[in-house]
Structures are given as C-alpha cells and as structure tokens.
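Results of the structural survey
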Amino acid sequence: MQENTILSCESLNSAVVKFVIYKPAIARAAKAGQFVILRGREGGERVPVTLVDWDSEKGMITLIIQAIGKSTSMFNNLQAGECFLNIAGPLGTPVEIKKYGTVAVVGGGVGIAEVYPIARALKEAGNKVIAVLGARNKELLILENEMTKVCDETLCATDDGSYGLKGMVTDAITQLHARGEKIDAGFIIGPIPMMKFTSRLMDKLGITPYASLNPIMLDGTGMCGCCRVSVEGKVRFACVDGPMFPSSTIDFDELIRRTSEYKAQEAEILAQYKKDHICKCGLH
Amino acid sequence: MPNPSAPRNNGSQQEPEVRKHNFDEVARTFTKQEALAEAERCLHCKNARCQANCPVGVQIPAFIALLREGKVGQAAGKIMETSLLPAICGRVCPQEKHCEGNCVLKEKFGAVNIGMLERYTADTARKEGLLQPPQTAPKTGKKVICIGSGPSSIAAAAELARAGHEVTVLEALHAFGGVLRYGIPSFRLPREVIDREIETIKSMGVKFVPDVLVGATYTLKELLAQYDAVYVGSGAGLPTLTGIKGENAVGVYSANEFLTRVNLMQAYKFPQTDTPVKIGKRVIVLGAGNSAMDAARCAMRLGPDAVTIAYRRSAAEMPARAAEVEHAKEEGVAFEFLLTPKEVLTDDAGHVTGLKFTRNELGDPDEKGRRRPVEIAGSEFVMPADTIIVAIGQRPNPIITKTTPELKTTSRGVLELDEQGKTSLAGVYAGGDIIRGGATVLLAMKDGIEAAKRINSYLEGK
C-alpha cells in the first residue's frame, strides 16, 4: 500500500475528524507526546498534528484533527483511500513516562485527543491516572469512552453544563483537591488560556504542571526557531525541546502574542477556501 | 589566439528597479557570443591557479577550451568529471575567493568570468540535450545512506553512485536541496535549476526519500544496521539568535525562518500558497553574511519602505559574496556598520517598534584575523523598525548527535572527524555544515566528494 494513505476517517463532531493512516516508519517509532507535520497539497502549509495512537505491527497511525483554518479544513475533507501529500515524524521530545504517583491528565477540546496517549502511557507505567476533560458543550466533548478505559477516574466539565460539571477544568481540579485527592503531577493540553490558568492553579495546589505548547511551526525539526517559547526565562524550541514543558514558568502571554501573528492572513485564506469549496458532505 | 586584454564581461542583470519587485533570476546567462568572447580571454595557463584553487578541482582551462571549440556538451562533461552540480556552482560559488580570485588576468584586465562560463556551459548543454549523466561503475551490491539532500549530501551521493553503490538520500523536509531550497532565494538560484541537478543525480540511480528525519524517524544506528555506510550531511539547521532582550517579540525572525517562509514555502506567492510572511515598513537585518544578503533582498521584494543591514564590524569584514553585497546595494538595501544590537523595543501589544544599538570601533584582530568590534561608551541609539531579521549565523542541527551519543562533537555541536575524515562511529562519515558549523555550498560539496572517496575505499575493504 502507498504510504500516507487514509485507511479510515470518522467525524467525532462537526469540526473534528479521526484519521487512521498507513505510515509504517512513524508507527514503529512513535512515543506519547510526539507529533507529525502534515501537508495536504503542493503549496500547502506544514501543519503540526499530535500523534493520538499508533500500531507498529499494522503500520498505522491515528490523528485527530480539528478544522480551524484552511489547511485543517482541507484535511478534514479528505476521504478514506486518499493520501496526505507529506507526513514527517515522529517529531518532538516524548513525554517522560515514569511513576509520578497520582497524575491528572487534563484535556480541553481537541486537546483531549492529544493528551490521550499520555494518559495511556502513564497508566501503563503504574500511575493512578485521573482524567479531567473539558469542552464548551456535550457535542464537543470527545473520546470520553477511550479515556475512561485507560484512566482510574474520568471527570468531565462543560462550559454550558450540558454534560458533567458546569464549569471549567480548573473547577474540576479544585473539586478533586477539595475531596482530598493528592495529585503529584498534571499534564495539560488545550487552548493556551486554559493551559495557563490550569498551570497556575496546579502551582497553587502543589501539583507539578506540564503543558504541551502549540506555537506556529514551519519545519518542525529545530531549523527555523519560529516556535520559540520562554520557559524558566530561557528560549526553547517547542518542536524539538518540547512540545511538553514544565509549565510553572512558561510565558503564556508571549505564546499568545506569537501564535496570533498571522490571524488576519489565516482568516483571509480560510474565507477564500470556504467560498471556493463545495463541501462533499452536503451539510454546510 | 587568446584575447586576454579584452575587458572582462561581468554579465548583465535585470535592472535593479525592476528586479526588486520580482523573484526572477537577477543575473542573465551569457549569450553564445558573450560566452565565446569571454572564453577567448582565457590564457590556458599550464599550472592553472584557478583550477588549483577550486575546492572541487574543476578542470577550468580544459572546459573553457572545449567551450571555445563549440563543444558545449563535452565542456559540461569535463566539469562534471569532478563536480556534478555545475549549474548551481556557476551561480552561488564565491568565485572571487577561489578560481577568479587567482586568475592571472585579475590585476591587469580582470579575471576571466569563470562563474558565468560554468553556468553558460551547464545551462546550454542541458537545454540542447547534450548533458550526459555520468557513467556509473558496475554495481557493487553495497548500500549507502546519505542524510540530508543539501549540497554536501547530494555531491556525496553522486560520487557514491558513480562508484556503483546503491545510494539512498533521506531528507527531513518535503522538498529536496537542503539549504539550496530553503536558504538561497530563487532570484539567485531558480528552483528549476535545483530540480534539474537533482534529476541528474536521480538518473544515476540515486533514490531520494522525503519526510525522514534521522534521529526521529530512524536513529543513525538503525540505519547502520541496514546499510554498509552512512554519510551525514545534515547541515547547519539551527539558527543562532542574539540573546538580547525582546528577541521573542512579534516581528523578529531568524534568517532561517524568514528564508524558509519565502523560499521553501513560497510565502511571496501567498494567498496562492498557504504559508504567509509579514514584512513591516522598516526592516533591519542583523549580520552581513550570505544569509543576511539573501534575507535583505527577499525582504526588499516584499515591498517595505526601507531595508537596512546592520553589521557589528566594518564593510571590509563582511563575509558575504561580493556580488551579493553589490546586488543588495543596487536594489536599495542600506548598510550601517559598526553597530551592536542591544535590545528589541516593542509596543504594548508586543510588536517590534525599534532596535537599540551601540556604536563600535575596530579593535585588535580576532583568531580569524578580522578586527574585533569594541563598543564606544555612551553611543546608544534607537533605529525604528517593524521587522527584524537575525542573520548572524547557523550551527549544526543537534538531532542526530543528540540521539547518537557515540558521535563526538565539539562544544558548539560540530561533529568531530579524525585524521582520516571519519566520525567516531565506524562506517559513519560526515561533511558540510555539520562539521563546519556554517560555511558555503562549495565547501560542503567538496566535503561530500572527499567523504565519498573515503567511503569508497572503506567499502572496498569491507
């Protein structure tokens, strides 16, 4: 079979698609916390996407992609049997998997998919793993069943209260603390403000926080420095030194500024794409 | 009869006012008449200093003689006996430091324009279908991996294929050519020239594989277990930053990022391509090497009001190829010397508003003989800017060395070779910027060719 072929794709909600892709070289080397860089077409961007699952025997990798801009919208219109143009990886430093004790894995939105392989690996390493999953509403909450299977306990929070606790992941963590749960480390993946406030809260509660950062990337191999972030006052490259960093000292505000740099251009090509594109599913 | 006293033909270029708005090639290829007239100037010195000073030993008088006889295909073949990338070398080599810098005509009449003759020979032979891919020796059954598809790695791959080995080139990015592709702009080296030179190497049986990052997709030791030898030509893909305050502000690019956006991702074609690049009204480029010139000239083509190169030493110490400095000046790039950057200034939203400098004077020479800049007390001032591009050098990308602890490196991450040009791991050879820490295309090619010869003798004994 041709590498990069999509074996199956499944919509998890209106904006999120789960892909299983034939890519043996990456499937055999992947570790929790790593990512790939995708390209969909000639002239297309290089888009970093976290590895959610992999099967080295069958040579398959699983990616879960949320349509945000033009490239991710284009990806999510690909069908089984079609190919990604390029997939490079596995990139980044894997998360250090060891026995921490009790850990909280915290996912927000599509970040739930990204934190899933970390939860699974931490469980296999003998940790007590508590999942804290957050989304705006019930429809956007993904992978609860998968998480429940690999975690000792799973808490859900939705902004509108349509499922689980009404509130943020920080409210759920506060509840865990209040009931006397002693948590040693937290692994957080989600929108930047969510990672910032969750890290701050964990610091206060005596939990060591780690966050997986998503700055703009270009090559993803440490060559361009576009993804530089400030951690402990030092410049680090998220693509090779991360993407997961101890998050107490991350300069999240700088990260927000740097990821917003091309907002106008991103909106421009997305609008053009939507105008040109006739959706295959007939729902849009 | 040679005609050495005719004036050197420097070649013609697109007019600066025109070319600063496009990414088409600046220098035009010689016409046939121009090429023949320039070839007539060569004295065919017996102990040709040009050839002796060519790092890859191109047989310069011999190819020029064939060219003069109208045998363009044979002239190209003569160059390719020692260098398989003539269309690239003719365009990007610093000829003034090597062949042309040592031409006997240099002082009196101006050196023969060897660069333009090489380029004419390669381009014309290609166009007329006279370019023969080099003959390869009978298959040896030995398998070699070349890591990276930049100039050193593809030069090595070509030589190894010539010797009959089965060669595979692994590239981390989606397109081949390494720094030729992501670093050097199309107005200096058109993309189709890179494509064609790589096609030649493919036609020798070399396999090119994209999207493989050695150290991540495969470790070096995994490759060693499956192949008979490995050449590491992974380049200097790690940007050097200044470390000054404010460097992470929005609007500060490393030259690698800026050039990768523009050249590899073709951001200048946005929104036809999907990767954007932003350029402010006032651009400062730090540094005065080839990357700095490339960055400044790319920036100029994106339409700002002003582009200024700020260098901490003086004009005489600029490491860039002379022609690039000249072309940058013609295109309106301003040069400010003896300045050390101190701090990036920003507005409340974190966008660049300027760069604080101090002025320098030149002190004693450093270990390379270049006079060291010394700060003048109280000379601080601010240059307004919206975009800053840091082009002060590159270092080796550490992915392979970090994942292969057996490889010895210096404190700057440069791979160490023994006297036989081997790394500390048997069967592993290296060259180009991974052992030099940031040099030229030509020296990278030289390393690749020399390492290939060592690999050939290593494999003979295996």
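What you see is a predicted model, and the numbers here were worked out from it, not measured in a lab. (Residues numbered from 1 in each chain as written. Chains lettered and ligands numbered in written order. Predicted model: local features only at pLDDT ≥ 70, side-chain atom pairs only at ≥ 80, totals over all residues.)

1. With respect to the domain arrangement of chain A
Residues and elements named next belong to chain A. Split into domains, chain A comes out as domain 1 (6–91), domain 2 (102–212) and domain 3 (216–241 + 250–273). For domain 2 and domain 3, the distance between their C-alpha centres works out to 24 Å. Contact residues are listed per partner, giving 4 residues for domain 2 and 5 residues for domain 3. Residue contributions to the side of domain 2 that touches domain 3 peak at 3 residues, all from helix H6 (residues 192–205). Here the side of domain 2 that touches domain 3 is built from residues that sort into 3 nonpolar, no polar and 1 charged. (Domains from an automatic or database assignment. Contact = placed C-beta atoms within 7 Å. Helix = DSSP H or I, 4+ residues; strand = E, 2+ residues; numbered from the N terminus. Nonpolar A, V, L, I, M, F, W, Y, C, P; charged D, E, K, R; others polar.)

2. Some words on the pairing of strand S12 (residues 208–212) of chain A
Residue and element names in this part refer to chain A. For S12, a buried count of 4 out of 5 residues is recorded, marking the element as mostly surrounded by other parts of the structure. In this sheet, S12 lies alongside strand S11 (residues 185–189) in parallel orientation, the contact comprising 4 bridges. Bridge assignment links Ile188 to a residue of S12, and that residue is Ala211. The β-α-β motif built from S11, the intervening H6 and the parallel element S12 has right-handed crossover chirality. Sheet topology note: the S12/strand S15 (residues 244–246) ladder contains 3 bridges and is antiparallel. Across the sheet, the residue bridging to Ser212 is Met244, located in S15. (Buried ≥ 20, exposed ≤ 12 C-beta atoms within 10 Å, placed from the backbone. Pairing = 2+ DSSP bridges. Right-handed = clockwise from strand over helix to strand, strands pointing away.)

3. Looking at unusual backbone geometry
For the bond running from A:Gly89 to A:Pro90, omega is -5°, close enough to zero to count as cis. Of note, the amide linkage connecting B:Phe270 to B:Pro271 takes the cis form, showing an omega dihedral of 5°. Mapping B:Pro271 onto the fold places it in the loop between helix H12 (255–264) and strand S7 (282–286). One non-glycine residue with positive phi stands out, namely B:His44, at about 50°. Relative to the helices and strands, B:His44 is located in the loop between helix H2 (32–40) and helix H3 (49–52). Judged by the 12 C-beta atoms lying within 10 Å of it, B:His44 falls in the exposed class. With phi around 60°, B:Leu338 is a residue other than glycine that occupies positive phi space. Note on placement: B:Leu338 falls in the loop between strand S9 (334–336) and strand S10 (339–346). By the C-beta count within 10 Å, which is 22 here, B:Leu338 ends up buried.

4. Regarding the sheet that holds strand S9 (residues 153–158) of chain A
Taking strand neighbours across the sheet as the criterion, the 7 strands line up as S10-S9-S8-S7-S11-S12-S15 (chain A) in an open arrangement whose pairing is mixed. In this open sheet, the two edge strands, each paired with only one partner strand, are strand S10 (165–166) and S15 of chain A.

5. Concerning the packing of helix H8 (residues 151–162) of chain B against helix H17 (residues 441–460) of chain B
All names here are of chain B. Put simply, H8 and H17 touch, their axes get as near as 7 Å, and they point 35° apart. Of the two possible hands of crossing, H8 and H17 adopt the one that is right-handed. Along its contact with H8, which presents Pro151, Ser152, Ser153, Ala155, Ala156, Glu159 and Leu160, the element H17 presents Val441, Ala444, Met445, Asp447, Gly448, Ile449, Ala451, Ala452, Lys453 and Ile455. Its residues assigned to classes, the contact of H8 with H17 comprises 11 nonpolar, 3 polar and 3 charged. (Axes fitted to C-alpha atoms, helices over the stretch in contact; angles between N-to-C directions. Left-handed = near helix turned anticlockwise from the far one by under 90°.)

6. Quick word on the interface of chain B and chain A
Facing the 32 residues of chain B at the interface are 36 residues of chain A. Those elements giving two or more residues to the side of chain B that touches chain A turn out to be strand S5 (238–239) and H12 of chain B. Considering each element in turn, the side of chain B that touches chain A owes the most residues, 4 residues, to H12(B).

7. A few points about the sheet that holds strand S6 (residues 252–254) of chain B
Residue and element names in this part refer to chain B. The strand order across the open sheet formed by 5 strands is S6-S14-S7-S8-S9, and the pairing between neighbours is parallel. Edge positions in the sheet fall to S6 and S9, since each has one partner strand and no second. For this sheet, the mean angle separating the axes of adjacent strands, direction not counted, is 20°. Note: S7 against strand S8 (residues 306–310), 5 bridges, orientation parallel.

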